[in-house]
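Chain residues, written in single-letter form:
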Amino acid sequence: MSTYKVTVSTGRQTVAETTNRIYLTLIDSQKQSSERTMVNQSWVSPFETEISLDIHVKKNTGNIVQVKLEKVKLEKHLPNHPWFCKDIKVQTPSGVCFEFPCYRWLVDKNEVIIREGTARLPQDDTESFQEQRKNELEYKQKIFRWKEWSPGFPMSIDAHVKALPKEVRFDEEKKSEWNCDLVKVFVETELDKMVGLSEPWKDIADFEKIFGHLIKKSTVLEKVMQDWNKDYLFGYQFLNGCNPVMIRKCMQLPDKFPVTHEMVQHSLKRGHTLQEELQAGNIYIVDFQILKGVPAASNCYLAAPICLLYKNELDQMMPIAIQLSQTPGEMSPIFLPSDNEYDWMVAKMWVKSSDFNVHQLITHLLKTHLVSEVFEMAVRRQLSAVHPVHKLLMPHVRFTIAINAGAREKLINEDGIICRVSSINGAGMGTLMKKAMETLTLKSLCFPEDIKGRGMEDVPKYYYRDDGMKVWETINSFVSALVKIYYASNEAVQKDVEIQGFVKDVACFGMKNSDNFPKSLESREQLVEYLTVVIFTASAQHAAVNFGQFDWHGWIPNSPSTMRKPPPQQKDKVDMKYIMEGLPDRECSRDVMGTVWALTRTESNEV
């Protein structure tokens, strides 16, 4: 008689153990099976996260290659509760340990066969296991179906929050924290005590009176509140704020932005002409052309401004000219630091309001959340659980589907928070997303390529670049080492039907048959870059553009989510009353504060 010691891990869950029986069977490489053994004895706590049992067999059955789990209802009339299995560890009589990662729920399907978890490429598997992998993926493709949620958007999962597959829903700990919705956030931050929500602000100081207690929660935000109207901080945010991806070096002014040396000569502190500063690489531009033609929400205004910046002798990025449209002319003057203080203030506000909208919908939503959901969908649909790339990517994309499904129901839907606080309604969102999708490429998500493409390789004090390159290089090095372990040659990449199916699914379905994403991979180098993009986008890039939102968007005058007055078409027509009436009203400001506060909170079980 031989004894196998088995440990079943169930993770954190709420399970009615008394209404189901879970049975386990060991299977060896010769298809020999142990007797079916009950896992959950009636005395086991429903909240037990680890169950140990001994399985006795008449003879040593050899290496265990599969474990079969069965869920059986005690009584037909009792509810059929789902049961979660994290993993199973089996120790043989000789002391050898085998691990069987499961990470799935037994719901309606009452039987599941789990294979030993050593990572293998499909071409390195036995014929019988290749068939099992194929069946596994066919089953997952029925569960994880593509759907276009809204025109212009990339594809996403075909399921509402409550209909999501159990495997991708939040675990109980994360779910309980996520359900601290905006109402609770408002209570925690005392935003629920605001009165006169539909009233405009009377003075900039009013923001501090209402939100001062909340602003003190962030030392960065306190600094922003003090210096928000200073040019150095305005320019600094294009380098190290929460949207540090718009600025690029300008070697030649576009015809649509006819700035002359005479206009900006007082801002150029080195004594050189504008043309000389352009050639020296000291002039930078931020162009919101993507907003041109995007319809604005009702009672809101949207502009597509262009801003010119100058790297001065202190290596500060200083704004020197702003045009509030893409079409120059008498009705679209170029605003300058030498203009009266209100003209220059409102011009900068318009730039930052445009930046807010592009940041929320393109930099943050599309280029991290939605892209990462496409990657997670393709991983789950095309890569077997024992594929090394599945193991590599899953920790980085987990919960993306769930969090995006929630966003589609609460944040970016027609009546959602983003439509209420920004200048763009649902139709405008689709227009903007379609424009962004046309220029979205895998290369543009490749961090070094993006920095190089914007000419930002040597700009001083660009900490987003400095830190990002370190993280990118570390991820890339790790991924490269892992790929070399499993892929001995470029041919191995080409023969991997699952990895080829993964990239094809991303390009042909997730990104709507986009030619901007590869439909196949030919080399280990291409695979390394692709996987680095997936990990970097879901982790480092998302962190860079998400967790600073409260710091930079929390002071409303610094980053107005919308503008309620049209952009000025002439100089010397704006006063402080006009500016205050144009800023988001109290209700909108409250919603923005609550939203960015909620979005930038980290979970207690953050990894």
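Residues numbered from 1 in each chain as written. Predicted model: local features only at pLDDT ≥ 70, side-chain atom pairs only at ≥ 80, totals over all residues. Heavy atoms only, no water.

Looking up the protein in an unreviewed UniProt entry gives the name Arachidonate 5-lipoxygenase, with the organism given as Cirrhinus molitorella. According to the UniProt record, the Pathway (unreviewed entry) comment for the protein is "Lipid metabolism." In UniProt, the protein has this text filed under Subcellular location (unreviewed entry): "Cytoplasm". (UniProt positions renumbered as here; feature names shortened; annotations may be inferred.)

What about unusual backbone geometry?
Trans is the common state for peptide bonds, and a negative phi is the common state for residues other than glycine. Despite not being glycine, Phe399 has its phi angle at roughly 75°, a positive value. Residue placement: Phe399 occurs in the loop between helix H10 (388-397) and helix H11 (400-410). A relative accessible area of 15% means that Phe399 is categorised as buried. A positive phi angle, close to 65°, is found at Lys461, a residue other than glycine. Position of Lys461 relative to the elements: it lies in the loop between helix H14 (447-453) and helix H15 (463-486). Looking at Lys461, the relative accessible area reads 38%, which means it is partly exposed. (Helix = DSSP H or I, 4+ residues; strand = E, 2+ residues; numbered from the N terminus. Buried < 20%, exposed > 50% of the residue type's maximum accessible area, 1.4 Å probe, protein only.)

Details of the side chain of Ser332
Looking at the secondary structure, you find Ser332 in the loop between strand E14 (317-323) and strand E15 (334-335). Those residues in contact with Ser332 that sit more than four places away from it in its chain are Gln323, Leu324, Ser325, Thr327 and Gln569. (Contact = heavy atoms within 4.5 Å.)

Quick notes on the layout of surface pockets
Space inside the second largest pocket adds up to approximately 840 Å³. Taken together, 29 residues make up the lining of the second largest pocket; nearest its centre are Val245, Met246, Arg248, Lys367 and Asp450. Mapped onto the lining of the second largest pocket, the elements with two or more residues apiece are strand E12 (283-287), helix H9 (341-382), helix H13 (426-439), H14 and helix H18 (524-546). When grouped by side-chain class, the residues that make up the lining of the second largest pocket number 14 nonpolar, 7 polar and 8 charged. (1 Å grid on protein atoms, 1.4 Å probe; cavity = no way out; pocket = protein on both sides within 12 Å on 5 of 7 lines; lining within 4 Å. Points joined across faces, edges and corners; volume = space filled by probe spheres on them. Nonpolar A, V, L, I, M, F, W, Y, C, P; charged D, E, K, R; others polar.)

Here we look at the sheet that holds strand E3 (residues 37-38)
The strand order E3-E2-E5-E8 describes an open sheet built from 4 strands, whose pairing is antiparallel. Where the open sheet ends on each side, the last strands, each with one partner, are E3 and strand E8 (111-115). Inspection of the sheet shows strand E2 (residues 20-28) paired to E3 by 2 bridges, in the antiparallel sense. Residue Tyr23 lies in a different strand from E3, and its bridge partner there is Met38. Contacts from helix H1 (residues 127-143) reach strand E5 (64-73) and E8, with the element oriented near 130° to E8. (Pairing = 2+ DSSP bridges. Axes fitted to C-alpha atoms, helices over the stretch in contact; angles between N-to-C directions.)

What about the nonpolar core?
Membership of the largest hydrophobic core comes to 132 residues, with the highest contact counts inside it found for Ile247, Leu393, Tyr487, Phe502, Val506, Tyr530 and Trp555. Excluding residues that lie within four positions of it along the chain, Phe502 makes contacts with Phe375, Ala378, Val379, Gln382, Leu383, Leu393 and Tyr530. Grouped together as the second largest cluster of nonpolar side chains are 24 residues, Leu26, Ile51, Cys85 and Phe98 included. (Core = buried A, V, L, I, M, F, W, Y, C linked by side-chain atoms within 4.5 Å.)

Re the packing of aromatic side chains
For the coordinates displayed, the defined rule picks out 14 aromatic pairs. On the basis of an interplanar angle of 65° and a centroid distance of 6.1 Å, the ring pair of Phe375 and Tyr530 is categorised as edge-to-face. In this pair, Phe375 is assigned in helix H9 and Tyr530 in helix H18, connecting sequence segments 155 residues apart. Using a relative accessible area of 1% as the deciding quantity, one classes Tyr530 as buried. (Phe/Tyr/Trp six-rings, centres within 6.5 Å; stacked < 30°, edge-to-face > 60°.)

Brief notes about the pairing of E12
Within E12, 4 of the 5 residues are buried, which leaves it mostly tucked inside the rest of the structure. Relative to E12, strand E11 (residues 248-249) is paired through 2 bridges, and the arrangement is antiparallel. Paired with Arg248 across the strands is Ile285, a residue of E12. Where E12 and strand E13 (residues 306-311) come together, 5 bridges link them in antiparallel fashion.

Things to note about the sheet that holds strand E7 (residues 97-106)
Sheet strands pair via backbone hydrogen bonds, and the direction of the pair is either parallel or antiparallel. Strand order in the open sheet made by the 4 strands is E4-E1-E6-E7, with antiparallel pairing throughout. Single-partner strands in this sheet number two, and they are strand E4 (50-57) and E7. The average undirected angle you get between the axes of adjacent strands in this sheet is 20°. As paired strands, strand E1 (residues 2-9) and E4 are joined by 8 bridges and run antiparallel to one another.

Considering H10
Of all the 10 residues making up H10, 7 are buried; the element is thus mostly covered by neighbouring parts of the structure. Every buried residue belonging to H10 is among Pro388, Val389, His390, Leu392, Leu393, Met394 and Val397, and all of these are buried. Phe399 occupies a position one or two residues after H10 and carries a positive phi of about 75°.

Here we look at the environment of Leu365
Tracing the backbone through its elements, the reader meets Leu365 in helix H9. Aside from chain neighbours lying at most four places away, what touches Leu365 is Phe153, His359, Gln360, Leu370, Ile412 and Met433.

Observations regarding the pairing of E14
Burial of E14 is extensive: 6 of the 7 residues sit out of reach of the surface. Here E13 folds back onto E14 in antiparallel fashion, the turn holding 5 residues, of which Asp315 has a positive phi close to 60°. Where E14 lies against E15, 2 bridges are found, and the strand directions are antiparallel. Within the sheet, the bridge partner assigned to Ile322 lies in E15 and is Phe335.

Describing the environment of Asn282
Looking at where Asn282 falls in the secondary structure, it is placed in the loop between helix H8 (274-280) and E12. Put simply, Asn282 and Pro448 are 166 residues apart on the chain and 21 Å apart in space, counted from C-alpha to C-alpha. Setting aside its immediate chain neighbours within four residues, Asn282 contacts Arg270, Glu277, Leu309, Tyr310 and Lys311.

Remarks on H9
Between its terminal C-alpha atoms H9 stretches 58 Å, which fits the 62 Å expected from 42 residues at 1.5 Å a residue. Burial analysis of H9 places 39 of its 42 residues in the buried class, which makes it a mostly covered element. Among the residues of H9, the N-terminal cap falls to Asn340, whose side-chain oxygen and the backbone nitrogen of Tyr342 are separated by 2.9 Å. (Expected span 1.5 Å × (residues − 1). Polar contact = N/O pair within 3.5 Å; in protein donor to acceptor, adjacent residues only side chain to side chain.)

What to know about the side chain of Asn558
Residue placement: Asn558 occurs in the loop between helix H19 (549-553) and helix H20 (576-582). A polar side-chain atom of Asn558 sits 2.9 Å from a polar atom in the side chain of Gln237. In terms of polar contacts, Asn558 uses its side chain to reach the backbone carbonyl oxygen of Trp552, at 2.9 Å. Every residue in contact with Asn558, bar those within four places of it in the chain, is listed here: Val224, Trp228, Gln237, Lys352 and Trp552.

Examining the state of the cysteines
A complete count under the given rule lists 0 disulfides for this structure. The closest cysteine sulfur to the non-disulfide-bonded Cys102 is located on Cys85, 4.1 Å from its own sulfur. Taking relative accessible area as the criterion, Cys102 reaches 7% and is therefore assigned buried. (Disulfide = S-S within 2.5 Å.)

Focus on the pattern of salt bridges
The tally for this structure, following the rule as stated, stands at 31 salt bridges. A salt bridge links Asp158 to Arg145, with the shortest nitrogen-to-oxygen separation between them at 3.4 Å. One end of the pair, Asp158, is in the loop between strand E10 (156-157) and helix H2 (172-178); the other, Arg145, is in the loop between H1 and strand E9 (146-147), and 13 residues separate them in sequence. Taking the relative accessible area as the measure of exposure, Asp158 reaches 26% and is therefore partly exposed. Residue classification places Arg145 among the partly exposed residues on the basis of a relative accessible area of 37%. Between Lys230 and Asp227 there is a salt bridge, with its nearest N and O atoms 3.3 Å apart. With relative accessibility at 45%, the residue Lys230 sits in the partly exposed group. (Salt bridge = Lys/Arg side-chain N within 4 Å of Asp/Glu carboxyl O.)

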